[in-house]
Amino acid sequence: MADLISLAKGDSKNQWQLVSPKTVADMRVALRNYVQRAGGAKQATGAILVGATVSAACLRDLPYVPAALLGASSSAYAVQLPKDNRIGEAAREAGRGAASFWDFVTGGSWQHAQHQKRNR
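Residues numbered from 1 in each chain as written. Predicted model: local features only at pLDDT ≥ 70, side-chain atom pairs only at ≥ 80, totals over all residues. Heavy atoms only, no water.

*Asks:* Provide a residue-level description of the overall build of the protein chain, including the pertinent values.
*Replies:* Along the protein chain, the regular secondary structure elements total six helices and zero strands. When the helices and strands of the protein chain are listed from N to C terminus, the series reads α-α-α-α-α-α. Counting over 120 residues, the protein chain shows a buried share of 23%. Once local pairs closer than 6 in sequence are excluded, the contacts in the protein chain between residues at least 24 apart make up 44%. Split by element, the accessible area of the protein chain, about 9,100 Å² in all, is 63% carbon and sulfur. (Helix = DSSP H or I, 4+ residues; strand = E, 2+ residues; numbered from the N terminus. Buried < 20%, exposed > 50% of the residue type's maximum accessible area, 1.4 Å probe, protein only. Contact = heavy atoms within 4.5 Å. Areas by Shrake-Rupley, 256 points an atom, 1.4 Å probe, with all protein chains shown as cover.)

See the structure below:
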């Protein structure tokens, strides 16, 4: 097990890696671009959660997990559509609402805890 962990981290003596550093860098750039198109990470996360919840509730003939995955992936796509797209704007608005609700419920403590964790 330790060998698999070291292989995944790239710490092995052979310097084998499951994913190349260039692939990791490309994935980070793609994620950064996605978050920018979506209007922020909290907004994108909120839209994905709303999409998963609504589709699991509405698609009752499907099992919950596939229905939630269908809604989450659809929302993840819709939230990054251009600004003049009505579906994209609706997804971003739902994401903003979910993020505002989460901040209200937690009192902003989640965001503060994440900031504190990063600065350690």
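*Asks:* So, the nonpolar core: which residues are in play, and what are the values?
*Replies:* Of all hydrophobic cores here, the largest spans eight residues; its members are Tyr 34, Ala 38, Ala 44, Ala 47, Ala 78, Val 79, Leu 81 and Ala 91. Elements represented by at least two residues in this core include exactly helix H2 (21–38) and helix H3 (41–58). Leaving out residues up to four positions away in the same chain, Tyr 34 has contacts with Ala 44, Ile 48, Ala 76, Val 79 and Gln 80. (Core = buried A, V, L, I, M, F, W, Y, C linked by side-chain atoms within 4.5 Å.)

*Asks:* I'd like to hear about H3, residue by residue, with values.
*Replies:* Between its terminal C-alpha atoms H3 stretches 26 Å, which fits the 26 Å expected from 18 residues at 1.5 Å a residue. Inspection of H3 places Gln 43, Ala 44, Gly 46, Ala 47, Gly 51, Ala 52, Ser 55 and Ala 56 among the buried residues, and these make up the whole buried set. Taken together, the buried residues of H3 touch H2, helix H4 (64–78) and helix H5 (86–106). (Expected span 1.5 Å × (residues − 1).)

*Asks:* Can you break down the packing of H2 against H3 residue by residue, with the values?
*Replies:* Look at H2 against H3: their axes get within 8 Å of each other, and the N-to-C directions meet at 80 degrees. By the angle between their directions, the pair H2 and H3 is classed as roughly perpendicular. Counting all contacts with H2, which are made through Tyr 34, Val 35 and Ala 38, the residues of H3 involved are Ala 41, Gln 43, Ala 44 and Ile 48. A per-class count over the contact of H2 with H3 returns six nonpolar, one polar and no charged. (Axes fitted to C-alpha atoms, helices over the stretch in contact; angles between N-to-C directions. Parallel < 35°, antiparallel > 145°, perpendicular 65-115°, else oblique. Nonpolar A, V, L, I, M, F, W, Y, C, P; charged D, E, K, R; others polar.)

*Asks:* Report on the pattern of salt bridges, specifying residues and quantitative values.
*Replies:* Counted by the stated rule, this structure contains four salt bridges. The residue Lys 22 makes a salt bridge to Asp 26 at a minimum N-O spacing of 3.1 Å. Taken together, the residues span about one helical turn, with Lys 22 and Asp 26 both in helix H2 at a distance of four residues. (Salt bridge = Lys/Arg side-chain N within 4 Å of Asp/Glu carboxyl O.)

*Asks:* Just give me the short version of H2, but keep the residues and values in it.
*Replies:* The end-to-end C-alpha separation of H2 is 26 Å, in line with the 26 Å expected for 18 residues at 1.5 Å each. One or two steps after H2, the chain reaches Gly 39, where phi turns positive at roughly 95 degrees.

*Asks:* Run through the environment of Gly 97, naming residues and quoting values.
*Replies:* Here Gly 97 shows up in helix H5. Separated by 47 residues in the primary sequence, Gly 97 and Val 50 place their C-alpha atoms 9.4 Å from one another.

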